[in-house]
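Analysis of the macromolecular model
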Amino acid sequence: ESEVETEEEVDILMSSDIYSATLSTKSISFSRTQSGWLFREDKMERVGSFLADCFAVNGLVLESRKRREHLSEEDILRNKAVMETWSKGGNMAEHSYEPVRRQSLTSPSPNTLSWEEYITAEHGRAPHLGRELLCKESKKNFKATVAMSQDFPLGIESLLNVLEVIAPFKHFNKLREFVQMKLPPGFPVKLGRDVSDDVCLTGREKHSPAHRQTL
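Attention in this report is confined to the structure presented alongside it.

So, how was this worked out
Residues numbered from 1 in each chain as written. Predicted model: local features only at pLDDT ≥ 70, side-chain atom pairs only at ≥ 80, totals over all residues. Heavy atoms only, no water. Salt bridge = Lys/Arg side-chain N within 4 Å of Asp/Glu carboxyl O. Helix = DSSP H or I, 4+ residues; strand = E, 2+ residues; numbered from the N terminus. 1 Å grid on protein atoms, 1.4 Å probe; cavity = no way out; pocket = protein on both sides within 12 Å on 5 of 7 lines; lining within 4 Å. Points joined across faces, edges and corners; volume = space filled by probe spheres on them. Pairing = 2+ DSSP bridges. Phe/Tyr/Trp six-rings, centres within 6.5 Å; stacked < 30°, edge-to-face > 60°. Buried < 20%, exposed > 50% of the residue type's maximum accessible area, 1.4 Å probe, protein only. Lys NZ or Arg CZ within 6 Å of the ring centre and 35° of its normal. Contact = heavy atoms within 4.5 Å. Polar contact = N/O pair within 3.5 Å; in protein donor to acceptor, adjacent residues only side chain to side chain.

Re the pattern of salt bridges
Inspection of the entire model under this criterion finds nine salt bridges. Here Arg65 makes a salt bridge to Glu137, at a shortest N to O gap of 3.8 Å. Placement of Arg65 in strand 6 (residues 50-67) and of Glu137 in strand 7 (residues 135-149) is noted, with a sequence separation of 72 residues between them. The closest approach of N and O atoms between Arg125 and Glu122, which form a salt bridge, is 3.8 Å.

Structure representation (structure tokens):
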């Protein structure tokens, strides 16, 4: 990248929220979904040519954090308008703008905290140094479903091999532990979420016996 392109990217970052989001699996659990009116029974579903047990995914929480102490009032209002337009499916071209070139942020107010006050602070509650943080945290619960098939030719280890390639290394151990310890028996052949269309993962029906053994 050229120096101009790098400076433009920095300008965009300095006028945007610092945003991070994580999908918490601490409280996640699975429960069998039920079917029927009078006589309730565990729900089963055929996905492709595989029979699967259906589970509800409980305790799925999206935790997001947003920081904006580096933004001006104009930046905050513009970013809010952009997000409202995006959430309503509007025309994003209406909010196109040239980022303002900023040499630096204004310096924070001088800190009068002494070294002794800092090192003797209560454990886990160290006094804040530097610019005052403007941080907003939010949590959103999601309802999801998963269909687990014990007839699928692939196993959980195959799924972990795929996840190891696409997931960041620092998250993989946590992901492996979750898949091994919490997932119900079988292979997840179908994932669904209440607010969007189902995303299906199914095997091809034309597996030869030899092919099934090598998978």
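Additional details are given in the paragraphs that follow.
Observations regarding the layout of surface pockets
A volume near 790 Å³ is recorded for the second largest pocket. In this structure, the second largest pocket is lined by 23 residues; those nearest its centre are Tyr19, Ser64, Lys66, Met83 and Trp86. Of all the secondary-structure elements, those providing two or more residues to the lining of the second largest pocket are strand 6, helix 2 (73-87) and strand 7. No other element matches the seven residues that helix 2 contributes to the lining of the second largest pocket.

Description of the pairing of strand 7
Sheet analysis places strand 6 next to strand 7, joined by 13 bridges and oriented antiparallel. Counted as the bridge partner of Cys54 is Ala147 from strand 7. By the bridge criterion, six bridges tie strand 7 to strand 8 (residues 187-193) in an arrangement that is antiparallel. Paired with Thr145 across the two strands is Gly192, which belongs to strand 8.

Overview of the packing of aromatic side chains
Following the criterion strictly, the structure yields three aromatic pairs and no others. Ring centres of Trp115 and Tyr118 lie 6.1 Å apart, and the angle between their planes is 25°; on these two criteria the pair is classed as stacked. Of the two residues, Trp115 and Tyr118 both sit in helix 3 (residues 115-119), three residues apart, roughly one turn of that helix. Residue class for Trp115 comes out exposed when judged on its relative accessible area of 61%. With centroids separated by 4.8 Å and ring planes inclined at 10°, the aromatic side chains of Phe152 and Phe187 adopt a geometry described as stacked. Note that Phe152 is positioned in the loop between strand 7 and helix 4 (156-166) and Phe187 in strand 8, a separation of 35 residues in sequence. Of the two residues, Phe152 and Phe187, neither departs from the other in class, the shared state being buried. Members of the aromatic cluster, each reached through a chain of ring pairs, are Phe50, Phe152 and Phe187. Above the plane of the ring of Phe55 lies Arg32, whose end atom (NZ or CZ) is 5.1 Å from the centre.

A short note on the environment of Met14
With respect to the helices and strands, Met14 occurs in helix 1 (residues 3-14). Counting along the chain gives 58 residues from Met14 to Ser72, while the straight-line C-alpha distance between them is 9.8 Å. Those residues in contact with Met14 that lie beyond four places of it in its chain are His70, Leu71, Asp75, Arg102, Ser104 and Leu105.

Quick word on the side chain of His70
Tracing the sequence through the fold places His70 in the loop between strand 6 and helix 2. At a separation of 2.6 Å, a polar atom in the side chain of His70 contacts the main-chain carbonyl oxygen of Ser16. With residues up to four places along the chain from it excluded, the contact list for His70 reads Leu13, Met14, Ser16, Ile18, Arg102 and Leu105.

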